[in-house]
Amino acid sequence: MADDSRLFPLADVLTVTTGRLLSHRHMDGVYGILNYMTGESLFTHQLPRAADVCGPALLAQHPQLQGVAPPEGIDVADLKEWLASTEREYGEELPVAPLAAGTWETRDPIEEPCDMVCPEKVYVVPLPGEASDG
C-alpha cells in the first residue's frame with residue numbers, strides 16, 4: 001500500500017464505481033471516500049462530479065473490480081448476500097490513493113451550482129453570526 005493510500009471498505013469503493021449506494025455507512029461512506037480522494041470537503045451537489053472522476057481512478061487502482069456490480073432489480077436480502085460474497089472474494093477493505101495531481105478541478109462550491117443552473121436560481125443564505133459583505 002502506498003504511503004498516501006488509506007483503506008476503505010469495498011462497499012464504499014463499489015458505491016463509487018457502480019453508482020449504486022452499497023456503502024454500509026450510506027452517504028457518510030460516499031462523502032468519506034470522495035473527500036479523501038479529492039482532498040476537499042465536498043458539498044452534496046459536487047458528489048456526482050467527484051464520482052465521475054473518482055470512479056475511473058478507483059478502477060485503475062483496482063482493475064479486478066471492472067464489471068463488478070450487483071445485478072439489476074436485486075432485492076435487499078439478495079443484495080446483502082451479493083455484497084457479502086463480493087467482500088469474501090475481493091476483501092472487505094481496499095487501499096485507495098488520492099487522485100493524482102491535476103486530476104480534480106477545485107471549484108468554488110457556491111459558484112459551481114451557478115454554473116449548473118442559472119444564477120438566479122441559487123440562493124446563498126448567511127448563517128447567524130456570519131459577517132456580511134454588504
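Every residue gets a number counted from 1 within its own chain, in the order that chain's sequence is written. Residues qualify for local features only when their pLDDT is at least 70, as the model is predicted, and side-chain atom pairs are given and counted only at 80 or more; totals for whole chains, interfaces and linings, by contrast, use all residues. Working from all heavy atoms in the structure, the side-chain values ignore hydrogens and water.

> Looking at this model, I keep getting lost on unusual backbone geometry. Mind explaining?
Negative phi characterises most residues that are not glycine, and trans characterises most peptide bonds. The phi angle at His26 is positive, at roughly 55°, despite the residue not being glycine. Topologically, His26 is positioned in the loop between α1 (10-18) and α2 (27-38). For His26, a relative accessible area of 51% puts it in the exposed group. The helix count covers DSSP runs of H or I at least four residues long, the strand count covers runs of E at least two residues long, and both are numbered beginning at the N terminus. Each residue is placed in one exposure class: buried if its accessible area under a 1.4 Å probe, protein chains only, is under 20% of its type's maximum, exposed if it is over 50%, and partly exposed if it falls in between.

> What's the story with the layout of surface pockets in this structure? I'm lost.
If you roll a probe as big as a water molecule over the atoms, it shows you where there is empty space left. Taken as a whole, the largest pocket encloses approximately 190 Å³ of empty space. Surrounding the largest pocket, Leu21, Leu22, Ser23, His24, His26, Val76, Leu79, Lys80 and Leu83 form its lining. Residues are grouped as follows: nonpolar covers Ala, Val, Leu, Ile, Met, Phe, Trp, Tyr, Cys and Pro; charged covers Asp, Glu, Lys and Arg; every other residue, Gly included, is treated as polar. For the lining of the largest pocket, the residue count by class is 5 nonpolar, 3 polar and 1 charged. In this analysis a 1.4 Å probe is tested at points of a 1 Å grid over the protein atoms alone, and where it fits but cannot get out there is a cavity; an open set with protein on both sides within 12 Å along at least five of seven lines is a pocket; lining residues have an atom within 4 Å of a point. Grid points are joined across faces, edges and corners, and a volume is the space filled by probe spheres set on the points. The calculated volume of the second largest pocket comes to roughly 150 Å³.

> Sorry, what's going on with the pairing of strand β2 (residues 93-96) here?
The side chains of a regular strand alternate between the sheet's two faces. Along β2, the buried face is formed by Leu94 and Val96; none of Glu93 and Pro95, which line the opposite face, is buried. Here strand β1 (residues 6-9) runs beside β2; their pairing, made up of 4 bridges, is antiparallel. By the bridge assignment, Phe8 is partnered in β2 with Leu94. At least two bridges found by DSSP between two strands are what make those strands a pair.

> For this particular structure, what's the right way to read the nonpolar core?
One recurring pattern in soluble globular proteins is that nonpolar side chains are buried together. To define a nonpolar core, start from buried Ala, Val, Leu, Ile, Met, Phe, Trp, Tyr and Cys residues and group those joined through side-chain atoms within 4.5 Å. Formed by 28 residues in total, the largest nonpolar core has its most connected members in Leu14, Ile33, Leu34, Met37, Leu65 and Val96. Those elements that provide at least two residues to this core are α1, α2, α3 (47-61), α4 (76-90) and β2. The element that contributes the greatest number of residues to this core is α3, accounting for 6 residues. When checking whether two residues touch, look at their non-hydrogen atoms; a contact exists if any pair is within 4.5 Å. When neighbours within four sequence positions are excluded, Ile33 is seen to be in contact with Phe8, Asp12, Val13, Val16, Leu58 and Val96.

> How do you make sense of the packing of α1 against α2 when you look at a structure like this?
The angle between the axes and the distance between the axes are what describe a pair of packed helices. For helices, the fitted line uses only the C-alpha atoms of the stretch in contact; every axis is such a line through C-alpha atoms, and the angle between N-to-C directions lies from 0 to 180 degrees. Two elements in contact, α1 and α2, have axes whose closest approach is 9 Å; the angle formed by their N-to-C orientations is 80°. Considering their axes alone, α1 and α2 lie roughly perpendicular with respect to each other. Residue-level inspection shows Asp12, Val13, Thr15 and Val16 of α1 in contact with α2, the latter providing Gly29, Val30, Ile33 and Leu34. Each residue belonging to the contact of α1 with α2 can be placed in one class, and the counts come to 5 nonpolar, 2 polar and 1 charged. An angle below 35 degrees is read as roughly parallel, one above 145 as roughly antiparallel, one from 65 to 115 as roughly perpendicular, and any other as oblique.

> Would you mind going over the environment of Val13 with me for this structure?
Inspection of the secondary structure puts Val13 in helix α1. Residue class for Val13 comes out buried when judged on its relative accessible area of 0%. Separated by 83 residues in sequence, Val13 and Val96 have C-alpha atoms that sit 8.4 Å apart. Setting aside anything within four residues of it in sequence, one finds Val13 in contact with Phe8, Ile33, Leu58, Leu65 and Val96.

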